[in-house]
Each structure stands twice: as structure tokens, then as C-alpha cells.
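Structure at a glance
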Amino acid sequence: MSESSGPEGAETPVADVAHNARVWNYWLGGKDYYAIDQQVGDHVTSMYPSIREVARADRAFLGHVVRYLAGEVGIRQFLDIGTGLPTVENTHQVAQRVAPSSRIVYVDNDPTVLIHARALLTSSQEGATDYIDADAHHPHAIVDAAADTLDLVDPVAVIMLGILNFVAETDEASRIVDALMEAVPSGSYLVLTHPTLELGGEANEEAMRFWNENATPPITARSRVEVAGFFRGLELLPPGIVSCSRWRPGHAADDEKSVAQFGAVARKP
């Protein structure tokens, strides 16, 4: 296993149940996971071999979107909810490479992510980064804490990659999105990915059932129609809601292999 020790005095997370942040890190080729995470990750992969492609496509989508928003659009503030464990090309690295003055706030509530959060707190001299230990189920608390680093008078890119699938009730997930987007001004953006049993993902149904019985937190797949509901009142950017592997600014990259993970970006008018 790749067991990383935390800072002095930090409590080592319980490692007898696989957790999404660590398994995702394993699928991405990272080092911060336990034996149980590798075991569950390998079993899911045996049931649904393209899961690693989904993880990597989701990460690539983040890079495409952040480069576009920081570059062509001029967004300088990013609220990344459901950060996961630090890996290559984190949001602040991508954004500050394009615009050094970018300010990024990360949000997660996994104890392993908290231990490694110091890796997310590096920043360009002109910009800033912060980390909030908070649950996505409490969007108002997230916004209140983020206001210490972000100026909510100016547009913010709210990033929610693979996080709403851990909110079982679609109405509750919509409430979370609505609360976050109500707190940011016109010209802000919602960036979202979500697993689905569409786009060739039907074979993932059994793997998701295994995950929900053997790992945490439980996951819920959603249809295109359900995912579209998260963007009500917002202006979807072309190419709309597509496989995250195919999303590019203004068009779908039809030469890329589709993965069963929707990706979309929308602007608050």
C-alpha cells in the first residue's frame, strides 16, 4: 500500500473501508490509498474495465475547463467542491499558470484529503489558495467560509466534479446547486461532471451496486435529463451536456472515446 503519514499529531484515517477519494487517487495512478482501496478499486475495474478511463477523462475535463475559464473568459476565482486528494494538474496549478492572480478555494470533508490539504495550499505570489473542511450538504456554510478568500461580488467558477453523485436524492442535489449558484453573481459558472448508466455505462450498474455494498460514500448514477435539471436557470455552453472526455470549449471532440460520465459548463446570466 501507499500509506502516507500525515503531519505531526494528525490522526490516521480509518482504513478498513474503501473511500472514494482514495480509490479515485488509485485509479488516477496516485500514491495515497490503502490496501482496502486497491482491493475494491481492482474489483470494480474487473467488473467495469473502463473506470480508469472515466477517472482520467474527468481529470482532463477539469484542465480543459479551467484553462478556458481562466484564459478566454477571464475568471479569476474558483470554488472547487469535492476536491479529492491532490494529484497532478490541480485547479490552482492550472488556473495560476494561465492567470497568476487567480484565487482558489478547495472544499472536501474526507479526513485523508484534510491531511494532504497542505499540498493544495501552494500559490503564486499574486494569487491565493485556501482549503475548507466542509460537507457539500451544507452549501451556505461553504459559501460563508469561502468568502474569506473569494470576493463574491466578482464572478466565481463553482466546480463540482463527481460530487453530486454522492447525494442520493436528486431534489437535495438540486437544492445544493441552487444555493451555491444563488450566492455567486451574474457571470459566474457552474462546472459539473456526473456518472451515468447512459453513454455505454449500463455495464457499470453492477459495479456501482458492489461499490455501495463495500465502500463509502454510496453512489447514484443519473440520466442526462436529471443532470440537465442541475443547470436550470443557467446558460449551457456549447457543446452542452456530453461525455466529459469529449467536452471542449465550444464543441464536442468527436475523435475522443466516450466515457460514461457527463460533463458540462454553464454561465449564470
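Residues numbered from 1 in each chain as written. Predicted model: local features only at pLDDT ≥ 70, side-chain atom pairs only at ≥ 80, totals over all residues. Heavy atoms only, no water.

Let's talk about the overall build of the chain
Secondary structure assignment for the chain yields 9 helices and 12 strands. Compactness check: the chain gives a C-alpha radius of gyration of 17 Å against a globular reference of 18 Å for 269 residues, within 12% of the reference. The burial tally for the chain puts 53% of its 269 residues in the buried class. If you take every contact in the chain between residues at least 6 apart in sequence, the share linking residues at least 24 apart comes to 72%. Only carbon and sulfur atoms are counted for the fraction: they give 49% of the accessible area of the chain, which is about 11,500 Å². (Helix = DSSP H or I, 4+ residues; strand = E, 2+ residues; numbered from the N terminus. Rg over C-alpha atoms; globule rule 2.2 N^0.38 Å. Buried < 20%, exposed > 50% of the residue type's maximum accessible area, 1.4 Å probe, protein only. Contact = heavy atoms within 4.5 Å. Areas by Shrake-Rupley, 256 points an atom, 1.4 Å probe, with all protein chains shown as cover.)

Comments concerning the layout of surface pockets
For the largest pocket, the calculated volume is near 810 Å³. Lining of the largest pocket is provided by 43 residues; of these, Asn20, Leu161, Gly162, Asn165 and Phe166 occupy positions nearest its centre. Partitioned by chemical class, the residues of the lining of the largest pocket number 24 nonpolar, 13 polar and 6 charged. (1 Å grid on protein atoms, 1.4 Å probe; cavity = no way out; pocket = protein on both sides within 12 Å on 5 of 7 lines; lining within 4 Å. Points joined across faces, edges and corners; volume = space filled by probe spheres on them. Nonpolar A, V, L, I, M, F, W, Y, C, P; charged D, E, K, R; others polar.)

Observations regarding the environment of Gly30
In this fold, Gly30 is placed in the loop between helix H1 (20-27) and helix H2 (35-47). A relative accessible area of 19% places Gly30 in the buried class.

Thoughts on the confidence of the model for the chain
Considering every residue of the chain, the mean pLDDT works out to 90; 94% of them sit at 70 or more. Here residues 1-13 is modelled with pLDDT under 50, and outside its nearest four sequence neighbours on either side it reaches 23 contacts, counting other chains as well. (pLDDT = per-residue confidence, 0-100.)

Focus: the pattern of salt bridges
Inspection of the entire model under this criterion finds 9 salt bridges. Residue Arg267 is joined to Glu235 by a salt bridge in which the shortest nitrogen-to-oxygen separation is 3.8 Å. Within this pair, whereas Arg267 is found in strand S12 (residues 261-267), its partner Glu235 is found in strand S8 (residues 235-236), the two being separated by 32 residues in sequence. The exposure class assigned to Glu235 is partly exposed, which follows from its relative accessible area of 41%. (Salt bridge = Lys/Arg side-chain N within 4 Å of Asp/Glu carboxyl O.)

Things to note about helix H7 (residues 170-182)
Its 13 residues place the ends of H7 18 Å apart at the C-alpha level, agreeing with the 18 Å of an ideal helix rising 1.5 Å per residue. Considered for burial, the residues of H7 that qualify are Ala173, Ser174, Ile176, Val177, Ala179, Leu180 and Met181. In this structure, the buried side of H7 is in contact with strand S2 (77-81), helix H6 (139-146), strand S5 (157-161) and strand S6 (189-195). (Expected span 1.5 Å × (residues − 1).)

Regarding unusual backbone geometry
Both trends apply: most residues other than glycine have a negative phi, and most peptide bonds are in trans. A cis amide bond, omega -10 degrees, links Thr216 with the succeeding residue Pro217. Here Pro217 is to be found in the loop between strand S7 (215-216) and helix H9 (224-229). With an omega dihedral of 10 degrees, the bond running from Pro238 to Pro239 counts as a cis peptide bond. Summarising the element assignment, Pro239 is placed in the loop between S8 and strand S9 (242-243). We note that Leu199 has phi near 60 degrees; this positive angle belongs to a residue other than glycine.

A word on the side chain of Thr196
Here Thr196 is to be found in the loop between S6 and helix H8 (204-214). Polar side-chain contacts of Thr196 include one of 3.0 Å to the backbone nitrogen of Glu198. (Polar contact = N/O pair within 3.5 Å; in protein donor to acceptor, adjacent residues only side chain to side chain.)

Focus: the packing of aromatic side chains
Throughout the structure, instances matching the rule amount to 4 aromatic pairs. Consider the rings of Phe61 and Trp247, whose centres lie 5.6 Å apart with planes at 75 degrees: the pair is edge-to-face. You can see Phe61 sitting in helix H3 (residues 51-73) and its partner Trp247 sitting in strand S10 (residues 247-248), a full 186 residues away along the chain. The buried category is assigned to Trp247, whose relative accessible area is 0%. Between Tyr68 and Trp247 the ring centres are 6.4 Å apart and the planes differ by 70 degrees, which places this aromatic pair in the edge-to-face class. Here Tyr68, found in helix H3, pairs with Trp247, found in strand S10; they are 179 residues apart in sequence, far enough to count as distant. (Phe/Tyr/Trp six-rings, centres within 6.5 Å; stacked < 30°, edge-to-face > 60°.)

Some details on the side chain of Asp108
Structurally, Asp108 can be placed in strand S3 (residues 103-108). Within the buried set, Asp108 has no salt-bridge partner at all; the shortest N-O distance to an opposite charge, 9.4 Å, is to Arg59. From its side chain, Asp108 meets the backbone nitrogen of Thr83 in a polar contact 3.2 Å long. Residues within four places of Asp108 in sequence aside, it is in contact with Gly82, Thr83, Gly84, Val113, Tyr131, Ile132, Asp133 and Ala134. (Lys, Arg positive; Asp, Glu negative; His and termini not counted.)

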